[in-house]
Amino acid sequence: MLDGTEPPPSLKNIYKELHDDLGCPIPDTGCLDKWARQGVLLLNTALSVRAGAANSHSGKGWETLTDSVIVKLSAQNKPLVFILWGGNARKKKAFIDAGRHLVLESAHPSPLSCAGFFGCRHFSKANAFLERNGQAPINWVL
């Protein structure tokens, strides 16, 4: 949660795509509690990083935990949406039962690598899949 702080650059790009995809207003906060209460889990492959040093804590053990979380979620019978943004996330596709769940992939939303992220329309695709499977869509408005 980033309540009361300016969103980081990657989250700003996520907000821009959300606006372009579904017309949601672009918030000025990084607080994502509303998404979490609806079941949205944002999970990086490594759960910490040295400030200003992307991937600085990769290979330090976080992947064991995050891989386990993905495997447990994929084992659920309820159809889920997995959105894999960036190369590290896309490698996790091997842990997901794509026959039961929707897997959406694109570039990472980081300003350093976002070519291919904008226009992915993952938010509307996620909601369409949820509705086709008898589930409530996510209200992405923050």
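Look up a bit, the structure's there.
Just so it is clear, the model here is predicted, and its values are computed rather than measured. (Residues numbered from 1 in each chain as written. Predicted model: local features only at pLDDT ≥ 70, side-chain atom pairs only at ≥ 80, totals over all residues. Heavy atoms only, no water.)

What to know about the nonpolar core
With 17 residues, the main nonpolar core has Ile14, Leu18, Trp35, Trp85, Phe117, Phe123 and Trp140 as its most contacted residues. Broken down by secondary-structure element, the contributors of at least two residues to this core are helix H1 (9-22) and helix H5 (122-132). Top element by residues in this core is H1. It accounts for four residues. Other than its neighbours up to four places away in sequence, phenylalanine 123 contacts Ile14, Glu17, Leu18, Asp21, Leu22, Trp85 and Trp140. The next biggest cluster of nonpolar side chains, apart from the first, holds seven residues, and it includes Ile70, Phe82, Leu84 and Val103. (Core = buried A, V, L, I, M, F, W, Y, C linked by side-chain atoms within 4.5 Å. Buried < 20%, exposed > 50% of the residue type's maximum accessible area, 1.4 Å probe, protein only. Helix = DSSP H or I, 4+ residues; strand = E, 2+ residues; numbered from the N terminus. Contact = heavy atoms within 4.5 Å.)

Digging into the pattern of salt bridges
Here the structure, examined in full by the defined rule, presents six salt bridges. The salt bridge involving lysine 12 is made with glutamate 6; its shortest N-O contact spans 2.3 Å. Residue glutamate 6 is classed as exposed on the basis of its relative accessible area of 58%. A salt bridge links lysine 93 to glutamate 105; the shortest N-O distance between them is 2.9 Å. Here lysine 93, found in the loop between helix H4 (87-90) and strand S2 (102-106), pairs with glutamate 105, found in strand S2; they are 12 residues apart in sequence, far enough to count as distant. Its relative accessible area of 38% is what places lysine 93 among the partly exposed residues. The exposure class of glutamate 105 is partly exposed, given its relative accessible area of 27%. (Salt bridge = Lys/Arg side-chain N within 4 Å of Asp/Glu carboxyl O.)

Things to note about a nonpolar patch on the surface
On the surface, Leu41, Leu43, Leu47 and Leu65 cluster together into a nonpolar patch covering about 340 Å² of accessible area. For leucine 43, the position within the fold is in the loop between helix H2 (33-37) and helix H3 (62-74). (Patch = residues over 30% accessible without salt bridge, like charges linked within 9 Å, V, L, I, M, F, W, Y side chains within 5 Å. Areas by Shrake-Rupley, 256 points an atom, 1.4 Å probe, with all protein chains shown as cover.)

Comments concerning the packing of aromatic side chains
The geometry of an aromatic ring pair is captured by two quantities: the separation of the ring centres and the angle between the planes. Enumeration over the complete set of coordinates arrives at five aromatic pairs. Look at tryptophan 85 and phenylalanine 123: their rings are 6.1 Å apart centre to centre, the planes differ by 65 degrees, and that puts the pair in the edge-to-face class. Of the two residues, tryptophan 85 is situated in strand S1 (residues 81-85) and phenylalanine 123 in helix H5; the sequence distance between them amounts to 38 residues. Each member of the pair tryptophan 85 and phenylalanine 123 is classed as buried. Between phenylalanine 117 and phenylalanine 118 the ring centres are 5.5 Å apart and the planes differ by 65 degrees, which places this aromatic pair in the edge-to-face class. (Phe/Tyr/Trp six-rings, centres within 6.5 Å; stacked < 30°, edge-to-face > 60°.)

Re the side chain of threonine 66
Mapped onto the fold, threonine 66 is located in helix H3. From its side chain, threonine 66 meets the backbone oxygen of glutamate 63 in a polar contact 3.4 Å long. Once residues within four sequence positions are removed from consideration, threonine 66 is found in contact with Leu43, Asn44, Thr45 and Leu47. (Polar contact = N/O pair within 3.5 Å; in protein donor to acceptor, adjacent residues only side chain to side chain.)

Brief notes about unusual backbone geometry
With a phi angle near 55 degrees, arginine 121 is a residue other than glycine that sits in the positive phi range. Relative to the elements of secondary structure, arginine 121 occurs in the loop between S2 and H5. Exposure remark for arginine 121: the relative accessible area of 40% places this residue in the partly exposed category.

Digging into the packing of H1 against H5
Interaxial distance between H1 and H5 falls to 8 Å at its minimum, and their mutual angle equals 60 degrees. Comparing their axes, H5 and H1 come out oblique. Together, Ile14, Glu17, Leu18, Asp21 and Leu22 of H1 and His122, Phe123, Ser124 and Asn127 of H5 make up the contact between the two elements. Here the contact of H1 with H5 is built from residues that sort into four nonpolar, three polar and two charged. (Axes fitted to C-alpha atoms, helices over the stretch in contact; angles between N-to-C directions. Parallel < 35°, antiparallel > 145°, perpendicular 65-115°, else oblique. Nonpolar A, V, L, I, M, F, W, Y, C, P; charged D, E, K, R; others polar.)

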